[in-house]
Amino acid sequence: MSKVLLILHVLAAVIAIGPVTVAASMFPAAARRAFTEPGSGLSVLRALNRICRVYAVVGIAVPFFGLATAGSMRVFGDAWVLVSIVLTAAAAGVLALLVLPGQNAILAALDAEPPSEPVTAGRVAMYTGMFNLLWAVVTVLMIVRPGSSTSS
């Protein structure tokens, strides 16, 4: 059962988190373009934001299967699992509280007449970088598993 849960956990991570990291990373550059060339790229921005929102919800499967996997493998109390849980929660918080609202503010600013930029694309890029870095660290922890009996 552990192998099935692990497969589901990894598939959920690839399928759900991958699109969010790519779409969120593309959003700031597209936003800068939309502000400098009015009328261009708004549909692309809306699509990128929708990808981020939809896959953020789908991404709930990642910690769900991760917790189930940790329980079935009896590693729930291991430091690398606990750190991964905290970093995953932090990544979810960054996405939900900083990245998505920043994207929404940019979209609202572009819809306004005349367009204004209340939240800079640079700030959203920084938040996206934080989100991506958190997931990169979690991925490394999942592979290296420091302190586990299989870490060497």
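Thresholds, definitions, all that
- Residues numbered from 1 in each chain as written.
- Predicted model: local features only at pLDDT ≥ 70, side-chain atom pairs only at ≥ 80, totals over all residues.
- Heavy atoms only, no water.
- Axes fitted to C-alpha atoms, helices over the stretch in contact; angles between N-to-C directions.
- Helix = DSSP H or I, 4+ residues; strand = E, 2+ residues; numbered from the N terminus.
- Parallel < 35°, antiparallel > 145°, perpendicular 65-115°, else oblique.
- Left-handed = near helix turned anticlockwise from the far one by under 90°.
- Buried < 20%, exposed > 50% of the residue type's maximum accessible area, 1.4 Å probe, protein only.
- Expected span 1.5 Å × (residues − 1).
- Arc of directions from axis to C-beta.
- Contact = heavy atoms within 4.5 Å.

Q: Would you explain the packing of helix α4 (residues 79–111) against helix α5 (residues 121–144) in this entry?
A: A pair of packed helices is captured by two measures, namely the crossing angle of their axes and the spacing between those axes. One way to put it is that α4 packs onto α5 with a least axis distance of 9 Å and a crossing angle of 160°. Overall, the two elements α4 and α5 adopt an arrangement that is roughly antiparallel. Helix-helix and strand crossings are classified by hand; for α4 and α5 the assignment is left-handed.

Q: Quick question: what am I supposed to make of the side chain of glutamine 103 here?
A: Take glutamine 103: it is sitting in helix α4. Since its relative accessible area comes to 0%, glutamine 103 is described here as buried.

Q: Sorry if this is basic, but what is going on with helix α2 (residues 42–58) here?
A: In an α-helix there are 3.6 residues to a turn, and that puts residues three or four apart on one side. In a regular helix each residue adds 1.5 Å, so 17 residues correspond to 24 Å; α2 covers 24 Å between its end C-alpha atoms and thus fits that length. The set of residues buried in α2 consists of Leu45, Leu48, Asn49 and Cys52. Taken around the axis of α2, the buried residues stretch over an arc of 95°, which confines them to a single face. Counted as exposed and oriented over 90 degrees from the buried face of α2: Ser43, Arg50 and Val57. On its buried side, α2 packs onto α1 (2–36) and α4.

Spatial relationships are all this shows, so hold off on functional conclusions.
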